[in-house]
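Reading the structure
Residues per chain, in single letters:
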Amino acid sequence: LPLCSDSKLFIGDLRFDEVPVRMYSPRVSSASRRRGVIFFHGGCGMFGSISKELNEKIRLFSIVNYIAVFAPCRYGLSPEHKFPAQTLDCLTATIHFLKTAENYGVDPDRIIACGDSIGGTFAASVCQELVNRRDLPKIRAQVLIYPFLQAVNFNLPSHQKNAFTAFLSRDREVYFILKYLNKDCSLKEAVLAGSHIPESMNLKYGKWIHPDLIPERFKLGYKPPFPASFLPQVHEQTKELFRASVSPMLAEDAVVCCLPDTCIITCEHDVLRDDGLLYKKRLEDNHVNVTWHHVEKGFH
């Protein structure tokens, strides 16, 4: 889309170490360096862009606040760009922003990673990848807007409650994640049932991903599913689902405890609601500061 003009904002297409971004920066001078936000859009890694709608929302927010420099990232989309190109693009752009923040009038110690849906996955993954980097400023906070965070259990209460919700149903969630990873989508039913995960992994990840960890008010009407038979051939074809870059919930405690302050936004009518609830608990159990906003009438 062509760039919109605005007398109060600089809006320009740039490259952060060859990754395209669209920069929004208030033109008004500031006595101190501004905050920075690097944003990753949703769309299952296959759809979406720095759209006109996002353009307008960011312009409005920037005009009202005059506090931040926004840098939405245009990561490469699947299938033209094979997984894990998306996560690597987001990581590359973030590292570049941290290294060059002062060039854009941004305080490198006040940069936030933010994303919605799979963009929230990318934001969470980037923050995990950077926790042990001593050569870079620390990400100040992460903002995860109805993020996808785990591919272990697709039978949580929010999956049952919102299984047939428009736009992102339970079936579509698994279909899209398999499509994004360039996997055979005929594996969908086995993954939905949980046949892709061996008992040993269920036991390991059960301490982080389990309906018992979800507050009771979110489990009304929930019925535990019948255990599924493990299918080794399905597991072998879907091993990428257990990478922390795909399922940030599966990162080890040594990583999670070092994560920055976090804001998580969940929606009631969303299959991904419980991913956010479980990650909130995981972070809090590791003494990470979490702010949580739940939209009772919201959907994905």
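Please read all numbers here as calculations on a predicted model, not as lab measurements. (Residues numbered from 1 in each chain as written. Predicted model: local features only at pLDDT ≥ 70, side-chain atom pairs only at ≥ 80, totals over all residues. Heavy atoms only, no water.)

So, on to the side chain of D270. Looking at where D270 falls in the secondary structure, it is placed in the loop between β7 (261-269) and α10 (273-285). No salt bridge is formed by the buried D270; its nearest oppositely charged neighbour, R273, is found at 8.3 Å. One polar contact links D270 to H300, side chain to side chain, over a distance of 3.1 Å. Non-local contacts of D270, meaning those with residues more than four positions away in its chain, are made with Y146, S158, N162, L168 and H300. (Helix = DSSP H or I, 4+ residues; strand = E, 2+ residues; numbered from the N terminus. Buried < 20%, exposed > 50% of the residue type's maximum accessible area, 1.4 Å probe, protein only. Lys, Arg positive; Asp, Glu negative; His and termini not counted. Salt bridge = Lys/Arg side-chain N within 4 Å of Asp/Glu carboxyl O. Polar contact = N/O pair within 3.5 Å; in protein donor to acceptor, adjacent residues only side chain to side chain. Contact = heavy atoms within 4.5 Å.)

It is worth spelling out the environment of G206 at this point. Inspection of the secondary structure assignment puts G206 in the loop between α7 (199-205) and α8 (232-237). The class of G206 is partly exposed, set by a relative accessible area of 22%. For the pair G206 and V152, spaced 54 residues apart in the sequence, the C-alpha separation amounts to 9.2 Å. Aside from chain neighbours lying at most four places away, what touches G206 is M201 and L213.

Pairing is mixed in the open sheet, where eight strands are placed in the order β1-β2-β4-β3-β5-β6-β7-β8. Lying at the two open borders of the sheet, with one neighbouring strand each, are β1 (9-16) and β8 (290-299). Each strand of the sheet is rotated relative to its neighbour by a mean of 20 degrees, with strand direction disregarded. Judged from the two bridges that link them, strand β2 (residues 19-26) and strand β4 (residues 68-73) form a sheet pairing that is antiparallel. Bridging across to β4, V21 finds its partner in C73. Each of β1, β2, β3 (34-40), β4 and β5 (106-116) touches helix α2 (residues 85-100); the most contacted strand, β3, lies at about 170 degrees to it. The strands touched by helix α3 (residues 118-130) are β3, β5 and β6 (141-145); relative to β5, the strand with the most contacts, the crossing angle is about 140 degrees. (Pairing = 2+ DSSP bridges. Axes fitted to C-alpha atoms, helices over the stretch in contact; angles between N-to-C directions.)

With that settled, the discussion passes to the layout of surface pockets. Empty space within the second largest pocket amounts to approximately 600 Å³. Considering the residues around the second largest pocket, the lining is formed by 25 residues, among which N153, N202, H210, P225 and P227 are closest to the centre. Along the lines of polarity and charge, the residues of the lining of the second largest pocket split into 16 nonpolar, seven polar and two charged. (1 Å grid on protein atoms, 1.4 Å probe; cavity = no way out; pocket = protein on both sides within 12 Å on 5 of 7 lines; lining within 4 Å. Points joined across faces, edges and corners; volume = space filled by probe spheres on them. Nonpolar A, V, L, I, M, F, W, Y, C, P; charged D, E, K, R; others polar.)

All right, on to the domain arrangement of the chain then. The domain boundaries assigned to the chain delineate domain 1 (9-145) and domain 2 (157-242). Look at where the C-alpha atoms of domain 1 and domain 2 centre, and you get two points 30 Å apart. Contact residues are listed per partner, giving 12 residues for domain 1 and six residues for domain 2. Approximately 730 Å² of surface area, both sides summed, lies buried where domain 1 meets domain 2, with 70% of it carried by carbon and sulfur atoms. Per-residue buried area on domain 1 facing domain 2 is highest for C44, M46 and F83; these three make up 59% of the total on that side. Joining domain 1 to domain 2, the criterion identifies zero salt bridges. The interface formed by domain 1 and domain 2 contains one residue pair in polar contact (both at pLDDT 80 or more). Looking at the side of domain 1 that touches domain 2, the elements that each hand over two or more residues are α2 and α3. Along the lines of polarity and charge, the residues of the side of domain 1 that touches domain 2 split into seven nonpolar, four polar and one charged. (Domains from an automatic or database assignment. Buried area = accessible area lost by both parts, 1.4 Å probe.)

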